[in-house]
Amino acid sequence: MAAFIERMGLLVLACVSLFVTSSVAVDRGNFKTCDQSAFCKRQRALKAGQSPYRALLETLELSDSRVTLQLINDNNKVRLLLELYRLQGNMTRVKINELKPLKPRFEVPDVLVSDPPTEPLSLVSQDDNGVVLSLGAARQQRLIVSARPFRLDIVEGPEVLMSLNSRGLLAFEHLRVRKDTQANPEGTETKENVDGAEEPVEVKEAAEEGAKDEDVDGMWEETFKSHTDSKPNGPTSISLDFSLPGVEHVYGIPEHADNLKLKTTDGGEPYRLYNLDVFQYELYNPMALYGAVPVMLAHNAVRTMGLFWLNAAETWVDISSNTAGKTVFGKMLDYVQGASETPQTDVRWISESGIIDVFIMLGPTPSDVFAQYASLTGTQSFPPIAALAYHQCRWNYNDQEDVQAVDKGFDEHDIPYDFIWLDIEHTDGKRYFTWDPHKFPTPKDMLQSIQDKRRKMVAIVDPHIKVDSGYKIHNEIRNQNFYIKNKDGGDYEGWCWPGSAGYPDFTKVEMRDWWASMFAYDQYEGSMDNLYTWNDMNEPSVFNGPEVTMHKDAKHGDWEHRDVHNLYGFYVQMATADGLIRRSGGVERPFVLTRAFFAGSQRYGAVWTGDNAAEWDHLKISIPMCLSLGLVGISLCGADVGGFFKTPSTELLVRWYQTGAYQPFFRAHAHLDTPRREPWLFGPENTALIREAVRQRYTLLPYWYQQFYLAHTTGQPVMRPLWVEYPKDTATFNMDDQFLIGKDLLVHPVTEEGARGVTAYLPGHGEVWYDAHTFQKHNGAQSLYIPVTMSSIPVFQRGGSIIPRKLRVRRSSSCMESDPYTLYVALSPQRTAEGELYIDDGHTFNFNTKKEFVHRSLTFANNVLSSRNLCPECRFSSPAWIEKVVILGSSNPRKVNLKMDGKETALEFEFDASVSVLTVRKPGMSAGADWMLQLL
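Quick look at the overall build of the chain
And then number 1: Each helix and strand counted, the chain has 18 helices and 56 strands in total.
And then number 2: Relative to the globule expectation of 30 Å for 936 residues, the C-alpha radius of gyration of the chain, 29 Å, shows essentially globular dimensions.
And then number 3: Taken along its principal axes, the extent of the C-alpha atoms in the chain is 100 × 70 × 50 Å.
And then number 4: Classification of the 936 residues of the chain by burial places 63% in the buried group.
And then number 5: A total accessible area of about 33600 Å² is found for the chain, and carbon and sulfur atoms account for 49% of it.
And then number 6: Distance between charge centres in the chain, computed from 95 positive and 121 negative side chains, equals 5 Å.

Some points on the pairing of strand β14 (residues 221-224)
And then number 1: Residues E222 and F224 line the buried face of β14, whereas the alternating positions E221 and T223 sit on a face that is not buried.
And then number 2: Here β14 pairs with strand β15 (residues 227-230) via 4 bridges, running antiparallel. The residue of β15 that forms the bridge with E221 is S230.
And then number 3: Linking β14 back to β15 in an antiparallel pair, the connection comprises 2 residues, with K225 at a positive phi of about 55°.

Comments concerning the sheet that holds strand β48 (residues 833-839)
And then number 1: The sheet built from 11 strands is open, its strands ordered β53-β52-β56-β50-β49-β48-β46-β47-β51-β55-β54 with mixed pairing. Every other strand in the sheet has two partners, leaving β53 (903-907) and β54 (909-912) as the edge strands with one partner each. If you compare each strand with its neighbour and ignore which way they point, the axes differ by 20° on average.
And then number 2: Relative to strand β56 (residues 931-935), strand β50 (residues 864-869) runs antiparallel, the two being bridged by 4 bridges. Residue S866 lies in a different strand from β56, and its bridge partner there is M932.
And then number 3: Against the sheet, helix α16 (residues 701-714) engages β46 (801-805), β47 (821-826), β48 and β49 (854-861), with an angle of about 85° to β48.

So, the sheet that holds strand β43 (residues 777-779)
And then number 1: If you walk across this open sheet you meet the 6 strands as β38-β39-β40-β45-β42-β43, and the pairing is antiparallel. Sheet topology places β38 (719-720) and β43 at the edges, where each strand pairs with a single neighbour.
And then number 2: Bridge analysis of strand β42 (residues 768-771) against strand β45 (residues 795-798) gives 3 bridges, and the strand direction is antiparallel. Along β45, the bridge assignment pairs W769 with R798.

A short note on the pattern of salt bridges
And then number 1: With the rule as written, the count across this model stands at 55 salt bridges.
And then number 2: Note that K95 is salt-bridged to E107, the shortest N-O span being 3.1 Å. Remark: E107 occurs in the loop between β4 (91-98) and β5 (118-119) and K95 occurs in strand β4; sequence separation between them is 12 residues.
And then number 3: A relative accessible area of 11% places K95 in the buried class.
And then number 4: Through salt bridges with shared partners, a single ionic network connects D229, R272, E314, E352, E547, K552, E560 and R562.

Examining the environment of L870
And then number 1: Following the sequence through the fold, L870 ends up in the loop between β50 and β51 (882-888).
And then number 2: Relative accessible area serves as the criterion here: at 33%, L870 is assigned to the partly exposed category.
And then number 3: With 214 residues separating them in the primary sequence, L870 and W656 have C-alpha atoms 38 Å apart.
And then number 4: Dropping the residues within four chain positions of it, L870 is found in contact with E836, H855, R856 and S857.

Quick notes on the packing of aromatic side chains
And then number 1: The final tally for this structure, using the stated rule, is 46 aromatic pairs.
And then number 2: Centre to centre, the rings of F106 and W559 are 5.1 Å apart; their planes meet at 70°, and the pair counts as edge-to-face. Of this pair, F106 sits in the loop between β4 and β5 while W559 sits in strand β32 (residues 559-560); the two residues are 453 residues apart in sequence, bridging distant segments of the chain.
And then number 3: Judged by relative accessible area, which is 9%, F106 ranks as buried.
And then number 4: Taking the relative accessible area as the measure of exposure, W559 reaches 26% and is therefore partly exposed.
And then number 5: One residue, R93, lies across the ring of Y85, its end atom 5.9 Å from the ring centre.

A closer look at the state of the cysteines
Covalent bonding between the sulfur atoms of two cysteines defines a disulfide.
And then number 1: Counted according to the given criterion, the structure contains 3 disulfides.
And then number 2: Two residues share a disulfide in this structure: C34 and C40, whose sulfurs sit 2.0 Å from each other. Residues C34 and C40 share a disulfide whose torsion about the S-S bond is about -100°; that sign makes it left-handed. Both residues of the pair, C34 and C40, belong to the buried class.

Comments concerning helix α13 (residues 616-631)
And then number 1: The end-to-end C-alpha separation of α13 is 24 Å, in line with the 22 Å expected for 16 residues at 1.5 Å each.
And then number 2: Extensive coverage of α13 is indicated by the burial of 15 of its 16 residues.
And then number 3: Remark: G633 follows α13 within two positions and exhibits a positive phi of approximately 95°.

As for the packing of helix α15 (residues 684-699) against α16
And then number 1: Close contact between α15 and α16 brings their axes to 5 Å; oriented N to C, the two are set at 55°. Comparing the axis directions of α15 and α16 gives the class oblique. Here R697, Y698 and T699 of α15 lie close against α16, whose contacting residues are L701, P702 and W704.

Structural notes on the side chain of R86
And then number 1: By the element assignment, R86 lies in strand β3 (residues 79-87).
And then number 2: Within the local environment of R86, its side chain forms a polar contact with the backbone oxygen of P120, the two atoms lying 2.9 Å apart.

Things to note about the environment of N233
And then number 1: Among the structural elements, N233 can be located in the loop between β15 and β16 (238-245).
And then number 2: Along the chain, N233 and N481 lie 248 residues apart, while their C-alpha atoms are 24 Å from each other.
And then number 3: Not counting residues within four places of it along the chain, the set of residues in contact with N233 comprises K103, L175, W220 and E560.
And then number 4: Engagement of the side chain of N233 in a polar contact is seen with the side chain of E560, the distance being 3.4 Å.

Considering the environment of P679
And then number 1: With respect to the secondary-structure elements, P679 resides in the loop between β37 (666-668) and α15.
And then number 2: P679 sits in the buried class, given a relative accessible area of 0%.
And then number 3: Expressed as a C-alpha distance, the spacing of P679 and F410, which sit 269 residues apart in the sequence, is 8.3 Å.
And then number 4: Those residues in contact with P679 that sit more than four places away from it in its chain are Y390, Q392, F410, I415, Y657, T687 and I690.

Observations regarding unusual backbone geometry
And then number 1: Between P254 and E255 the backbone carries a cis peptide bond, its omega angle lying at 25°.
And then number 2: Considering the arrangement of structural elements, one finds E255 in the loop between β17 (249-252) and β18 (271-273).
And then number 3: Residues W395 and N396 are joined by a peptide bond in cis, for which omega reads 5°.
And then number 4: Topologically, N396 is positioned in the loop between β24 (390-392) and α7 (400-412).
And then number 5: Within the chain, K77 stands out as a residue other than glycine whose phi angle is a positive 65°.
And then number 6: Phi angles above zero are rare outside glycine, and I253 is one such case at about 40°.
And then number 7: With respect to the secondary-structure elements, I253 resides in the loop between β17 and β18.

Looking at the pairing of strand β55 (residues 917-921)
And then number 1: For β55, the tally of buried residues reaches 4 of 5 residues, placing the bulk of the element in the interior.
And then number 2: Sheet topology places β51 next to β55; 5 bridges connect them, and they run antiparallel. By the bridge assignment, K884 is partnered in β55 with R921.
And then number 3: Strand direction decides the pairing type here: β54 and β55, joined by 4 bridges, are antiparallel. Within β55, the residue paired with F909 across the bridge is V920.

What counts and how
Residues numbered from 1 in each chain as written. Predicted model: local features only at pLDDT ≥ 70, side-chain atom pairs only at ≥ 80, totals over all residues. Heavy atoms only, no water. Helix = DSSP H or I, 4+ residues; strand = E, 2+ residues; numbered from the N terminus. Rg over C-alpha atoms; globule rule 2.2 N^0.38 Å. Buried < 20%, exposed > 50% of the residue type's maximum accessible area, 1.4 Å probe, protein only. Areas by Shrake-Rupley, 256 points an atom, 1.4 Å probe, with all protein chains shown as cover. Lys, Arg positive; Asp, Glu negative; His and termini not counted. Charge placed at Lys NZ, Arg CZ, Asp CG, Glu CD. Pairing = 2+ DSSP bridges. Axes fitted to C-alpha atoms, helices over the stretch in contact; angles between N-to-C directions. Contact = heavy atoms within 4.5 Å. Salt bridge = Lys/Arg side-chain N within 4 Å of Asp/Glu carboxyl O. Phe/Tyr/Trp six-rings, centres within 6.5 Å; stacked < 30°, edge-to-face > 60°. Lys NZ or Arg CZ within 6 Å of the ring centre and 35° of its normal. Disulfide = S-S within 2.5 Å. Expected span 1.5 Å × (residues − 1). Parallel < 35°, antiparallel > 145°, perpendicular 65-115°, else oblique. Polar contact = N/O pair within 3.5 Å; in protein donor to acceptor, adjacent residues only side chain to side chain.

Listed below in structure tokens is the structure:
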């Protein structure tokens, strides 16, 4: 109670008590609309039409790696530099900057894993109207540069894949010197619009009125509520439009609490990308949330493409479509009447500062786009297997005795878990890297007690630092001049959980290096190797700041915060992950959860969907939110099971556990004010239902781990929409209430209150799917009604797949590492199946640095199940063995023989004719060996 009163007092001082105590949804008035964001309003006021930009073809220069060309704005004669790159892997990069800016404009560092390798562009033809460049003869791709007005078209054969500036919405606000009306020798001053076009203003107006006119659109200063944003650089925003012929479905640009398919924004708000601490966010709208990944995927039945807009400033995205609002019947009527127009989606990106730097990923398949994006920003970090198990969290477990009681409760109720979490109350007065001396006096004893059960802990470390001269962390950051500065050059301070707080400048590599060093065992007192980290509030959250975040005119060295805002959380997680790696001498894989993120954050750990609520709609929205993140590289995603705010009904809580058990990051979490929510507090029946959901997660850990290995090595998402695997099936393009895990498990969670049944779509003409619980076989390409009870979790295994499980569920994943596997072989109509088995030590980098892992190809064909080594040079010994093989869709053999090590052995088996399932018990093969199982 004392901690709660302390926190309430802080928030009253910070004028944000609403953010903790209110039960209503987000106060939209705390966050800007496009109309309230001066640059967005200016840019959006420009309408599609003739572009003022012209390509100066005589300036064209062609080198081995790029083409450069100058553009001129005929309204104001300002020149831009266009750079075109053909990148390896069927990508094109387009950069536009000022030719001669008054000072450098910000270009995003550290997000790309390397300078993308290029391939030569060749000149096909040139005349007074434009230039044609070859993007590779193999695909017959061309890049057409039209001169007047400037426009780019990417074509393949006769087909236009994408057009840039076809709607004339390229707009580049150049850096300029602010006009002094008193000193204008011509007797007039000028007012500049979004494209820099100059309009005369009568000098008879008073000087102050002239200055006011110049700033009427917030070019040099902007006020929102009580906060004023000085703009010493003036207007610097940029915009570019992209047209996608043949496309009706676009996805991505998380984070938004909205459907998977992005909506058109005509007549409404654009999608906003600006990392913000949004209290109990609203659903189904384009408001900004905690993270921003400026990547969009466009998909139709013949091609998938991607756009990566590399800009870390506040960004708005407008989407329009010529088929928006048309019903299926209306489209059919157009077709019958011969009036059908080619579908097209137009997208416009608007950012406050920086340059235009866009990567066009030309696919053509979903898998290709994922690989292309991964080649730019990296793949999902490979988590320790324990991170894929169950996490128990709450704000806050009160003290060491509380932690011990919760840990004991899981054992008493036979529910496994791997991580228990501590929120901000575990610290000494919100001083991170410390422990409350009264509540957590002996943290190592606490950590050792859970380590004895092979379990782990996560403690929160936020990036706002209490301003306190007695606090070592604050003193060192201040003494090394590592704090972000305010516009006047002093250390920036704002209110957050500790009260007055400083904000380290994580854009500085020296600051990140120092932060990482603080996780060393001799620096972070009380820490051990089973303590991992959670970075919250890293948007950054500033309770008394504009939109609950940092002032845009704060300074990061030479750059303003407006330039780097969406990178802040990315850098915090980067430095934290580095610290966990370093403390082990580079041996152990880290686990770091972040709330704020950007493109490339997948390299450093996990993300969750923030402060949701215990409502059915919040359960439903967790699916498209995580699907959207997976499409842009961030696979380790989850939502607070049960909802952070409010109190779930027992039915909602059970259904959320059942859903969360089949999402990548599986953590229950709850607000300080909510009643306790441990799984055994809702009666024996509900405890049993939750236990079963958690146990299902643990049995599937081998498959989850294998999928994350593939995500790490290939860039493919783990939790994926159906259209990723069935890209020609238009029925899947809008689906976001069911999903695939890898390509072989289909999940349709029950997310409706009082549901007695769900209708799942099983894709694939000529394919079959097996109920993962009953083994009942169903044909693909159908909508299947499934009656459900409270114990139902509709899950299907694809015919043609082999999935490994571990059926001996123990108290934690580490306790199961040597346990045997059961292989579930689901036969296709052609009586074939394939899968993989991946095994390593589960927690170190040895899989990468020493090639210590087992990777087996499992194949069933011609009545033979075999295991083949996919990495002959790898060396890893696992005591695990195959204790059972379950073949779904099988016939009844006369006998089953095992061939291994030159020997042939007859095996015992059972056949259930009612569901055509063959079970081979205790075949006894080593999980890492070559073997063949014959059905005769």
